[in-house]
Amino acid sequence: MPSFPAPVGSPAGTLSLPGRSGRRLPAVLAALVAVALVASAFGAKDPTTWVLETVWVMVGLPLAILLRHRFPLSGLLCGLLAAHAVVLIVGGHYTYAEVPAGDWVRDGLGLERNPYDRFGHLMQGFVPAILVRELLVRTSPLRGSRWLAPLAVCACLAFSAGFEMLEWLAAVIGGQAADAFLGTQGDVWDTQWDMFCALIGATAALLLLTRPHDRSLTRLGGATTKD
């Protein structure tokens, strides 16, 4: 197991070890996400859209469980991934254009469209930015490099572009049947807005969470060493 950087301002070699509740957190989050995923399948507005939107959870959750001993994730990243999974699950259940919470925001702020899709793409940058950062810090020589943050943002934009290509493929294959998955709501600039939201999300995550992420990595490294 590689060593992790100490939080800024902490004495060298000082590790803050998580308690039992902290070690149970990934399992609790995984269970909650699994329950939410199963529940969301019942009464889903469009079953095909539900599958397309939640497939990332169906793949990511088992993968994280299988690798939990070989490559455990930091507590912060586990929390973010769980939150992102819930966003995807809710969007899959209702379709992004018809999520009730988005309708409330639209009506309350006088917007022209349901903004849940924009929020979903913001999360598409916010959470993967920390995931990419963690992978690079732990598996590459980029820890502490000034290139770490820019490369994390670039990776998120690449993922966002790849997702937009999947939406394009779905539109070509499914035609109007793919409208619920696309969630464009008549906006001809929806693709550009989606990628811009991912850019804003990734940048915000790195600006706001770099130091908390470093502390979370330090706790993870200390707990793994102790075990």
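Residues numbered from 1 in each chain as written. Predicted model: local features only at pLDDT ≥ 70, side-chain atom pairs only at ≥ 80, totals over all residues. Heavy atoms only, no water.

1. What about the side chain of Ser160?
Selection criterion: For the purposes of this entry, the term helix denotes a DSSP run of H or I that reaches at least four residues, the term strand denotes a run of E that reaches at least two, and both are numbered from the N terminus. Each residue is placed in one exposure class: buried if its accessible area under a 1.4 Å probe, protein chains only, is under 20% of its type's maximum, exposed if it is over 50%, and partly exposed if it falls in between.
Turning to its location among the elements, Ser160 is positioned in helix α6 (residues 148-174). The buried category is assigned to Ser160, whose relative accessible area is 0%.

2. What to know about the packing of aromatic side chains
Let me state the cut-off plainly: Between the rings of Phe, Tyr and Trp (Trp by its six-membered ring), a pair exists once the centres lie within 6.5 Å; its type follows the angle of the planes, with under 30 degrees stacked, over 60 edge-to-face, and the other angles tilted. We call a charge positioned over a ring when the NZ of a Lys or the CZ of an Arg lies within 6 Å of the ring centre and within 35 degrees of the ring normal.
Per the stated rule, a full pass over the model turns up 5 aromatic pairs. Each ring, one from Trp56 and one from Phe159, has its centre 5.6 Å from the other, and the planes form 75°; the classification is edge-to-face. Within this pair, whereas Trp56 is found in helix α2 (residues 47-66), its partner Phe159 is found in helix α6, the two being separated by 103 residues in sequence. Relative to Phe119, the ring of Tyr116 has its centre 6.0 Å away and its plane inclined at 55°; by these criteria the two rings are tilted. Separated by 3 residues within a single helix, Tyr116 and Phe119 lie in helix α5 (residues 116-139), roughly one turn from each other. Cluster of aromatic residues (ring-pair linked, three or more members): Trp56, Phe159 and Phe163. When the ring centre of Phe71 is taken as reference, the NZ or CZ atom of Arg138 above it lies at 3.8 Å.

3. Some words on α2
Selection rule: For a helix, the expected span equals 1.5 Å multiplied by the residue count minus one. Fitting axes to the seven residues ending at a residue and to the seven starting there, one defines the bend at that residue as the angle between these axes. Each polar contact in these results corresponds to two N or O atoms within 3.5 Å; when the atoms are within protein, one needs to be able to donate a hydrogen and the other to accept it, and residues that are neighboring in sequence are counted only if both atoms are side-chain atoms.
Helix length check: α2, at 20 residues, gives a terminal C-alpha distance of 27 Å against a target of 28 Å (1.5 Å per residue), a fit within 8%. Remark: the principal bend of α2, roughly 50°, maps to Thr54. Taken together, the buried positions of α2 are Thr49, Trp50, Glu53, Thr54, Val57 and Leu61. Its side-chain oxygen at 3.1 Å from the backbone nitrogen of Thr48, Asp46 defines the N-terminal cap of α2.

4. Concerning the side chain of Asp103
Just so we agree on the cut-off: When checking whether two residues touch, look at their non-hydrogen atoms; a contact exists if any pair is within 4.5 Å.
The residue Asp103 is located in helix α4 (residues 100-109) in this model. If near-sequence neighbours (up to four positions away) are discounted, Asp103 is found in contact with Ala97, Glu98 and Asn114.

5. Details of the environment of Trp50
On the secondary structure map, Trp50 appears in helix α2. The contact partners of Trp50, leaving out residues within four places of it in the chain, are Leu37, Ser40, Ala41, Ala44, Met58, Gly92 and His93. A polar contact of 2.8 Å, which involves the side chain of Trp50, links it to the side chain of Ser40.

6. Let's talk about the nonpolar core
In plain terms, the rule: Here, nonpolar core refers to any group of buried Ala, Val, Leu, Ile, Met, Phe, Trp, Tyr and Cys residues whose side-chain atoms link them within 4.5 Å.
Judged by nonpolar contacts, the single largest core of 37 residues is most densely connected at Val33, Val57, Leu80, Phe126, Ala129 and Ile130. Going through the elements one at a time, α1 (20-41), α2, α3 (75-94), α5, α6 and α8 (190-226) are the ones with two or more residues in this core. Not counting residues up to four positions away in its chain, the partners in contact with Val57 are Val33, Leu37, Pro62, Ala85, Leu88 and Ile89.

7. Structural notes on the environment of Ile89
When you line up the elements, Ile89 lands in helix α3. Classification of Ile89 by relative accessible area gives buried; the value is 4%. C-alpha separation for the pair Ile89 and Trp56, spaced 33 residues apart in sequence, amounts to 9.7 Å. Discounting residues that sit within four places of it in the chain, Ile89 has contacts with Val33, Ala36, Leu37, Ser40, Thr54 and Val57.

8. Digging into unusual backbone geometry
The general pattern is negative phi for most residues beyond glycine and trans for most peptide bonds. Within the chain, Thr95 stands out as a residue other than glycine whose phi angle is a positive 75°. By the secondary structure assignment, Thr95 is in the loop between α3 and α4. Using a relative accessible area of 3% as the deciding quantity, one classes Thr95 as buried.

All quantities given are derived from atomic positions and should not be read as evidence of function.
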